[in-house]
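Structural overview for review
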Amino acid sequence: MFMGEYNHTIDAKGRLIVPSRFREKLGDEFVVTKGLDDCLFVYPLEEWANIEEAFRKVPLTNKKARDFVRFFFAGAASCEVDKQGRILIPPSLRAYAGLEKEIVSAGVLNRVEIWDKEKWAHSSEIGDMDEIADYMAELGVSI
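First, a word on what this report is: a plain description of the structure on this page. (Residues numbered from 1 in each chain as written. Predicted model: local features only at pLDDT ≥ 70, side-chain atom pairs only at ≥ 80, totals over all residues. Heavy atoms only, no water.)

1. Here's the deal with the pattern of salt bridges
In this structure the tally under the stated criterion is six salt bridges. Linking Arg70 and Asp67 is a salt bridge whose minimum nitrogen-to-oxygen distance equals 3.2 Å. Here Arg70 and its partner Asp67 are both found in helix 3 (residues 63-74), three residues apart, which amounts to about one turn of the helix. On the basis of relative accessibility, which here comes to 33%, the residue Asp67 falls in the partly exposed class. Overlapping salt bridges bring together Lys63, Asp67 and Arg70 as one network. (Salt bridge = Lys/Arg side-chain N within 4 Å of Asp/Glu carboxyl O. Helix = DSSP H or I, 4+ residues; strand = E, 2+ residues; numbered from the N terminus. Buried < 20%, exposed > 50% of the residue type's maximum accessible area, 1.4 Å probe, protein only.)

Below, the structure is given as structure tokens:
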């Protein structure tokens, strides 16, 4: 499981340090793809294989499913950690997430999310947490 929040910078070449706690769980190679909310999702290879398997069951006759599969898989990239603990984020993924300098890497259960720091700050303004907790209880999740 991934958890925690780390602040970093991305260099001019598009390289980003992967926090050591995340590297331990991600391994030396993992997948980065377009996420929801204008961030990037990062998955260990084992989790990515599970996602691929789930999407193989989605009917291609469904237009929304085809659109989402294209969105999610076409932009995906396999990334390897270099000796300095960095990965190179492809230009298309940097552009999608608006990654320019200040970055937040956040652990979110089965994945890591990579955010532009300013977007992360806005996404953290969630609203009425009691209302959200009630909604989560309706989904069968309680704490």
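Structure shown, so let's carry the discussion forward.
2. Some thoughts on the sheet that holds strand 3 (residues 29-34)
Spatial ordering of the open sheet is given by 1-7-8-4-3-5, a layout of six strands whose pairing is antiparallel. The open sheet terminates on both sides in strands that have one partner only, identified here as strand 1 (2-9) and strand 5 (77-80). Each strand of the sheet is rotated relative to its neighbour by a mean of 25°, with strand direction disregarded. Sheet topology note: the strand 1/strand 7 (residues 102-109) ladder contains eight bridges and is antiparallel. Paired with Asn7 across the bridge in strand 7 is Val104. (Pairing = 2+ DSSP bridges. Axes fitted to C-alpha atoms, helices over the stretch in contact; angles between N-to-C directions.)

3. Describing the nonpolar core
Formed by 21 residues in total, the largest nonpolar core has its most connected members in Phe30 and Ile89. Broken down by secondary-structure element, the contributors of at least two residues to this core are helix 1 (20-26), strand 3, strand 4 (40-44), strand 5, helix 4 (91-97) and strand 8 (111-116). For Ile89, the contacting residues outside a window of four places in its chain are Ile10, Gly14, Leu16, Leu40, Arg94, Leu99 and Ile114. Val31, Phe41, Trp48 and Trp115 belong to the second largest nonpolar core, which has eleven residues in total. (Core = buried A, V, L, I, M, F, W, Y, C linked by side-chain atoms within 4.5 Å. Contact = heavy atoms within 4.5 Å.)

4. Observations concerning the side chain of Ser105
Mapped onto the fold, Ser105 is located in strand 7. For Ser105, a relative accessible area of 2% gives the class buried. Not counting residues within four places of it along the chain, the set of residues in contact with Ser105 comprises Gly4, Glu5, Tyr6, His8, Pro19, Phe22, Val112, Glu113 and Ile114.

5. Quick word on the pairing of strand 3
Pairing between strand 3 and strand 5: four bridges, direction antiparallel. Within strand 5, the position partnered with Val31 by the bridge is Ser78. In terms of strand pairing, strand 3 meets strand 4 through five bridges, oriented antiparallel. Bridge pairing links Lys34 to Leu40 in strand 4.

6. Observations regarding the side chain of His8
Here His8 lies in strand 1. His8 sits in the buried class, given a relative accessible area of 18%. Excluding anything up to four places from it in sequence, His8 contacts Leu16, Ile17, Pro19, Lys101, Glu102, Ile103 and Ser105.

Limitation: the analysis is restricted to geometry and does not speak to function.
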